[in-house]
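Observations on the three-dimensional arrangement
One-letter residues, chain by chain:
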Amino acid sequence: MDGQGLPYVIEHYTSENGLPQNSIKFLLFDKNGYLWMGSEAGLIRFDNKELKVYGINNIPGLLDARIQDMKLDTAGNVYAENLHYQNIVTKPMGHFMSPLPWLMKGESPYYYPTWGYLNKNPIIGSLWDSISATSNLPTVRKHASLANGDIYLFYEGNVYYINHGYHLLKTWSQKPIENIALGAKYMLQFWKTGKIAVWENGQLLQQTKLKGEVLKSAHFLQGDFMTFWCPTGSFILVDNALYRIFMDHGVITTKLVLKALSIESPDCLYYNPSNNTYYFGSRTAGFYVIKVSDFEVPPTPKQTGANYLYSIAKLPGDSLVVRNTIIPPSGEAYYKEFKGNFYTSYVDSAGVLYYENEYSFNSYQPRTDIVKELLPLEEHLVSILPYSGNKLLLCTHASYRIVSKEGKVFAQKRLPIDYSDVKAKGLFPIHGDHYYLLTTNGLKWYNLKTNKIEKTILDSVSFRSFYADKHGRLWLGSDGSGGFMYKEGKVYKLPLGPLNAFNTIHAFIDDHKGHFWLTTNNGLYRVSIQNMVDYLTGKVPEFHFYALDNKDGLPTNEFNGGCIPAFQWLKNGMLALPSMRGLVKFNPDSLTIDVPKQRLFIDALKVDSVEIKVDSTLTVNNLSPDFNQLEIKVSCPYFGNPRNLVLMYQIQGEDHHSTWMELPHSGMININRLPAGNYQVLIKKMGYDKSSSNGSLRLRFEVLPYFYNTWWFYTMMLLLFALAGYIISRRRIATLKRKNLEVERLVNARTAELRLTTTELEVSQEALKQSNRVKEQIIAMILHDLRSPVRFLGTISHQLIRQFMDRSKADNLEDLKKLHKSVGGLWAFIEQFFGWAVSQQNAFKVHIKNVLIQEVFDDVHRFYNEILSYNGNLLDIQSSALQWNTDKDILALIIRNLLDNANKYTENGHIWIKAVVSKDKLRISVEDTGQGLTDIQVQHYMDAINGENSDGNGSIMILQMLKIIGGNLTIETKKGKGSVFTIILDRQPLSTSEGYLQT
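Note that the coordinates shown come from a computational prediction; the quantities given were computed from them, not determined experimentally.

Moving on to the UniProt feature "transmembrane region" (unreviewed entry) in the protein chain. In this structure's numbering, the residues bearing the UniProt feature "transmembrane region" (unreviewed entry) are residues 711-729. For residues 711-729, the end-to-end C-alpha separation is 27 Å, with 100% helix and 0% strand making up the annotated structure.

This is the structure we're talking about:
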């Protein structure tokens, strides 16, 4: 929920969203950045994602889970005490492990203070024992332990100071109503009417009256207020408002930090200055997180109408003009009739505002508060620019005019664009009469004097924002097609950004301090300009951003653009932006930037659901070869905007390198069975300030081999085989000697027969050579064709075997259907090949028939469609009514071979097959969006065409088969973009009456 119109973002946690119960009595951040809470139902650890509860079920030896006290030591460790006076400390079990609560053995040496830090000084106990012995009333010890080691103990009106000993500092005649520590060395005491006493190093520093804004509260002066201390500040809560206490040049004063709070039974407070956020614990209602926003949204009058805004004009004195409203730099906004929003505006040096609304060019004079209609228009204006001779240049969607400031037209022309298809979106000066023309069909270099387009880029993109920086780079935002950088004749596509936010960038706002502020439909982003340029030009592997959205106090995540100007800088450093819910103002220099500087931790590490430990080098040794699953849970206690904490992981091994993958919201990495070897899991932060530390983790683990894959097993088996071989060889030699004489006799008899047979074979050998060569090449191509379906069948059946029990019946049935369909395709192919083989028993024959090209395409589709889909590829075959004289089987073999190669080098892509007739030749193209071929690979194909050697048989066979049926092959390719292989067939005469041509 929001702060009811106040600049706060409030989140409320109760038992309905993760708490064990709603009594939160203590709130502390430990040195690692985790938020710990003490409740009636145990300790709670919060990392801004998950609430983890610890009690008698997961803290061994704990007798009860009701936390009655919880404090920090000066090192930042959290200690807690339950009703049985058992003490719990939170600490990690290793440098890389997240902290967990552990029960301390024996009696604790610590004394829990009312304010401040844990302390081991035994004088605290002995002094309190002596005081208790003289008192007849049940008393509760109240003492403060400051960061500098000073200890103050309070009883009735007495103030004791404890250091190496103790002594009574003061006995007040009127007992103070409140005490609180301030900073590292001060102790404050309060009385009604705002009177205070300040102690330092056991000395009464001053008796005075508290200063500041809290004195406006009558309840405070009456003593009806609460105080809260935490390591980051001291506070007063009164009248549902929170005041910070601080010392300013020796004066103790107060400042209002939160107002109009609605917190039920507040019991504790912690302030996190890194993100300007307050955490309140309640005795009855869980805990509240209150983020103070750095953004201002000035309220507008009711007459203004809808809050969605476009162009912002800035008048002299920094008053802003938006949608029927003038917003002064101080004071309330007031209504002024401008007939709604305007999409472009311009304020001249005299402070006169020029704008267009409802096809009318108007001016507004702030000094006289008069609006004038200057000129009617046929289209909406997109730009108003100053022009020479104190004139104005007006650009509409389709034309331009040069006018006086009174509306007199000096020149008017249509822009050299087709208005039916293209609209201008903005005009930006280069020099003289040269301009950048932003359109719905690209960016154009426009010469106003000649009224000609001299250059154009990205004609398929509709643009909405433009910025030319001082280094000659052009930055472009589009309507849903992403962002672009143009530099030295090259176009670079910007990354899509988190949640694809950079698909539509409304404005590139240069703060001239090294950053762009990008307004989008999904938040506001700060990016380093140099980092973005280095990323786009390939100098660095990743880019960084800082995201801001409604979790940071923005009224909406959706900003507006398509207008000029789409932002305004004010004299006080504030930046004003139009959004779908009003005007947003903030100061980029004072904005709270809370990057995820906290360390990454391993929260849990399990093998087959059994938790394991790691050593100081974050290494897991001797994983069993038959383990099923390794679970790694990662945690990072980051309390800023969750968009700024993006965790990535990668698994690396000797023969295994996965891609970088985003860690799921749960933080869990699941690794299933792996072959034997050494591996490491790399985990890193993305999208954060690179200068911050603690950005990565590296977990190493080793999977042991099965015993039959070890070196000693191989050695033993080698020895056994050697022995067996020796015994067998001895017996074999004896047997061979006996048979040797018999064999010699048979050899002599057969030699004569063989000479006769050899003569006969030599006669027929030459006749068969040519036919066999062609058959061998055809068979090689067919075997090549069979590799992909057989590999596909093996892969999907292997997957079914491994995951059959873990998958749903529907998933298994779906894969079985794919398997059945692929087997059917393979069977049809084998039947076809068998028929062809029978027809080729005597000699290789080429059957030139009139073939329907669509029948060939249908055969290829049935055979390969499932195989391609398993590789994530889409096969698109253009329907064809063409007929051609050719050998159908050879043509199908060639197309299948090319299609198999395209599938091999394409993943999650698109493959097209189409046929056309051009210049009396049939052209069949196989096009893919895969890796493309290198120049060397293309040269190999060309070598094959020219008859030279090639290191691959596939291209030679394709080209030889093409030659047989009167065709050739062309190749077009672009590395990283894909390839196009085109079969070109000449017209052929039909076969002889016997049905074939002898080859």
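Moving on to the sheet that holds strand 35 (residues 381-387). Spatial strand order, 35-36-37-38: four strands in an open sheet with antiparallel pairing. Here the strands that pair on one side only, and so sit at the sheet edges, are strand 35 and strand 38 (409-414). Strand-to-strand twist across the sheet, computed as the mean angle between neighbouring axes with direction ignored, equals 15°. As paired elements, strand 36 (residues 391-396) and strand 37 (residues 399-403) share four bridges and run antiparallel to each other. Bridge assignment links C395 to a residue of strand 37, and that residue is Y400.

Put simply, the largest pocket is a space of about 1,600 Å³. Lining the largest pocket are 49 residues, with D69, K71, P113, T114 and R141 positioned closest to its centre. Listing elements by their share of the lining of the largest pocket, those giving two or more residues are strand 3 (24-29), strand 7 (67-72), strand 11 (115-116), strand 13 (151-155), strand 14 (158-162), strand 16 (178-182), strand 20 (226-230) and strand 24 (266-272). The element best represented in the lining of the largest pocket is strand 7, accounting for five residues.

Moving on, we get to the pairing of strand 25 (residues 277-282). In terms of burial, strand 25 is largely enclosed, as six of its six residues are buried. Both faces of strand 25 are covered, namely the face carrying T277, Y279 and G281 and the face carrying Y278, F280 and S282. As consecutive antiparallel partners, strand 24 and strand 25 are separated by four residues, and within that stretch N276 has a phi angle of approximately 55°, a positive value. Hairpin connection between strand 25 and strand 26 (residues 287-292): a loop of four residues separates the two successive antiparallel strands, and G286 in this loop has a positive phi of roughly 75°.

A few words on the pattern of salt bridges. Side chains bearing opposite charge may pair, as long as their charged atoms lie close to each other. Tallied over the full model, the rule gives 25 salt bridges. The closest approach of N and O atoms between D603 and R45, which form a salt bridge, is 2.8 Å. Of this pair, D603 sits in strand 54 (residues 601-607) while R45 sits in strand 5 (residues 42-46); the two residues are 558 residues apart in sequence, bridging distant segments of the chain. In this pair, the class of D603 matches that of R45, namely buried. A salt bridge links R987 to D920; the shortest N-O distance between them is 2.6 Å. In this pair, R987 sits in the loop between strand 70 (978-985) and strand 71 (997-998) while D920 sits in the loop between strand 67 (910-918) and strand 68 (921-928), placing the two residues 67 residues apart along the sequence. On the basis of relative accessibility, which here comes to 47%, the residue D920 falls in the partly exposed class. Each member of the salt-bridge network shares a partner with another, and the members are E855, D859, R862 and K888.

Together, F707, Y708, W711, W712, M716 and L720 line one region of the surface with nonpolar side chains, adding up to about 710 Å² of accessible area. Mapping M716 onto the fold places it in helix 4 (residues 711-803). On the accessibility criterion, M716 (38% relative accessible area) is partly exposed.

Let's shift gears to helix 3 (residues 529-536). The buried fraction of helix 3 amounts to six of the eight residues, a majority that puts the element mostly inside the structure. Taken residue by residue, helix 3 has I529, N531, M532, V533, D534 and L536 as its buried positions. On its buried side, helix 3 packs onto strand 44 (474-478), strand 45 (483-487), strand 46 (490-493), strand 47 (505-510), strand 48 (515-520) and strand 49 (523-528). In the segment just after helix 3, G538 is the residue with positive phi, at about 80°.

As a further point, take the environment of R923. Considering the arrangement of structural elements, one finds R923 in strand 68. Separated by 44 residues in sequence, R923 and G967 place their C-alpha atoms 9.6 Å apart. Beyond its immediate chain neighbours, meaning those up to four positions away, R923 contacts K914, A915, V916, S918, T982, I983 and I984.

Turning our attention to the pairing of strand 43 (residues 463-468). Buried residues dominate strand 43, accounting for five of its six residues. Two strands pair when backbone bridges link them, and strand 43 and strand 44 are joined in this way by five bridges, in the antiparallel orientation. Looking across to strand 44, one finds that F466 is bridged to L476. Where strand 43 hands over to strand 44, the hairpin turn is made up of five residues, of which G472 adopts a positive phi near 80°.

Checked against the element boundaries, Q680 lands in strand 61 (residues 677-686). Residue Q680 is classed as buried on the basis of its relative accessible area, which comes to 18%. A polar atom in the side chain of Q680 sits 3.2 Å from the side chain of R698. If we skip the residues at most four places from it in the chain, Q680 touches Q650, I651, Q652, R698, L699 and R700.

Another point: the environment of P113. Residue placement: P113 occurs in the loop between strand 10 (100-103) and strand 11. Between the C-alpha atoms of P113 and D69, which are 44 residues apart in sequence, the distance is 9.1 Å. In this structure, P113 is in contact with D69, K71, L118, H143 and S145, ignoring residues within four places of it in sequence.

Moving on, we get to the nonpolar core. Here is a general trend for soluble globular proteins: nonpolar side chains tend to be buried in one another's company. Judged by nonpolar contacts, the single largest core of 82 residues is most densely connected at F190, I236, Y278, F280 and F287. Those residues in contact with F190, other than ones at most four positions away along the chain, are P176, I177, E178, I180, K195, I196, L210, F220, F225, I236 and I245. Membership of the second largest hydrophobic core comes to 47 residues, among which are A507, F586, I602 and V607.

Read across the sheet, four strands follow the order 3-4-5-6 without closing on themselves; strand pairing throughout is antiparallel. Edge strands, defined here as strands with exactly one partner in the open sheet, are strand 3 and strand 6 (51-54). Across the sheet, the axes of successive neighbouring strands diverge by a mean angle of 20°, strand direction being ignored. Of the pairings in the sheet, the one linking strand 4 (residues 35-39) to strand 5 comprises five bridges and is antiparallel in character. In the sheet register, S39 faces strand 5, and the bridge partner there is G42.

Here the focus is the environment of L427. Take L427: it is sitting in strand 39 (residues 424-431). Since its relative accessible area comes to 2%, L427 is described here as buried. Residues L427 and I384, spaced 43 residues apart in sequence, show a C-alpha to C-alpha distance of 8.3 Å. Discounting residues that sit within four places of it in the chain, L427 has contacts with S383, L385, L393, C395, Y435, Y436, L437 and Y446.

Along the chain, T906 turns up in the loop between helix 7 (888-904) and strand 67. For T906, the side chain forms a polar contact with the main-chain nitrogen of G930, separated by 3.4 Å. Discounting residues that sit within four places of it in the chain, T906 has contacts with N871, N873, D928, T929 and G930.

Per the stated rule, a full pass over the model turns up 51 aromatic pairs. Here W172 and W191 contribute two aromatic rings whose centre-to-centre distance is 4.8 Å and whose plane-to-plane angle is 75°, an arrangement assigned as edge-to-face. You can see W172 sitting in the loop between strand 15 (166-171) and strand 16 and its partner W191 sitting in the loop between strand 17 (186-190) and strand 18 (195-200), a full 19 residues away along the chain. With relative accessibility at 10%, the residue W172 sits in the buried group. By the ring-pair criterion, three or more aromatic residues cluster together here, those being Y13, F29, F46, Y270, Y279, F287 and F639. Here the basic side chain of R244 rests over the ring of F246, its NZ or CZ set 4.5 Å away from the ring centre. The ring of Y419 has R414 sitting right over it, with the charged end atom 5.6 Å from the ring centre.

Residue P565 is bonded to the preceding I564 through a cis peptide linkage, with omega at -10°. Looking at the secondary structure, you find P565 in the loop between strand 50 (545-548) and strand 51 (568-569). Phi angles above zero are rare outside glycine, and H249 is one such case at about 55°. The topology assignment puts H249 in the loop between strand 22 (241-248) and strand 23 (251-258). With a relative accessible area of 79%, H249 lands in the exposed category.

What counts and what doesn't
Residues numbered from 1 in each chain as written. Predicted model: local features only at pLDDT ≥ 70, side-chain atom pairs only at ≥ 80, totals over all residues. Heavy atoms only, no water. UniProt positions renumbered as here; feature names shortened; annotations may be inferred. Helix = DSSP H or I, 4+ residues; strand = E, 2+ residues; numbered from the N terminus. Pairing = 2+ DSSP bridges. Axes fitted to C-alpha atoms, helices over the stretch in contact; angles between N-to-C directions. 1 Å grid on protein atoms, 1.4 Å probe; cavity = no way out; pocket = protein on both sides within 12 Å on 5 of 7 lines; lining within 4 Å. Points joined across faces, edges and corners; volume = space filled by probe spheres on them. Buried < 20%, exposed > 50% of the residue type's maximum accessible area, 1.4 Å probe, protein only. Salt bridge = Lys/Arg side-chain N within 4 Å of Asp/Glu carboxyl O. Patch = residues over 30% accessible without salt bridge, like charges linked within 9 Å, V, L, I, M, F, W, Y side chains within 5 Å. Areas by Shrake-Rupley, 256 points an atom, 1.4 Å probe, with all protein chains shown as cover. Contact = heavy atoms within 4.5 Å. Polar contact = N/O pair within 3.5 Å; in protein donor to acceptor, adjacent residues only side chain to side chain. Core = buried A, V, L, I, M, F, W, Y, C linked by side-chain atoms within 4.5 Å. Phe/Tyr/Trp six-rings, centres within 6.5 Å; stacked < 30°, edge-to-face > 60°. Lys NZ or Arg CZ within 6 Å of the ring centre and 35° of its normal.

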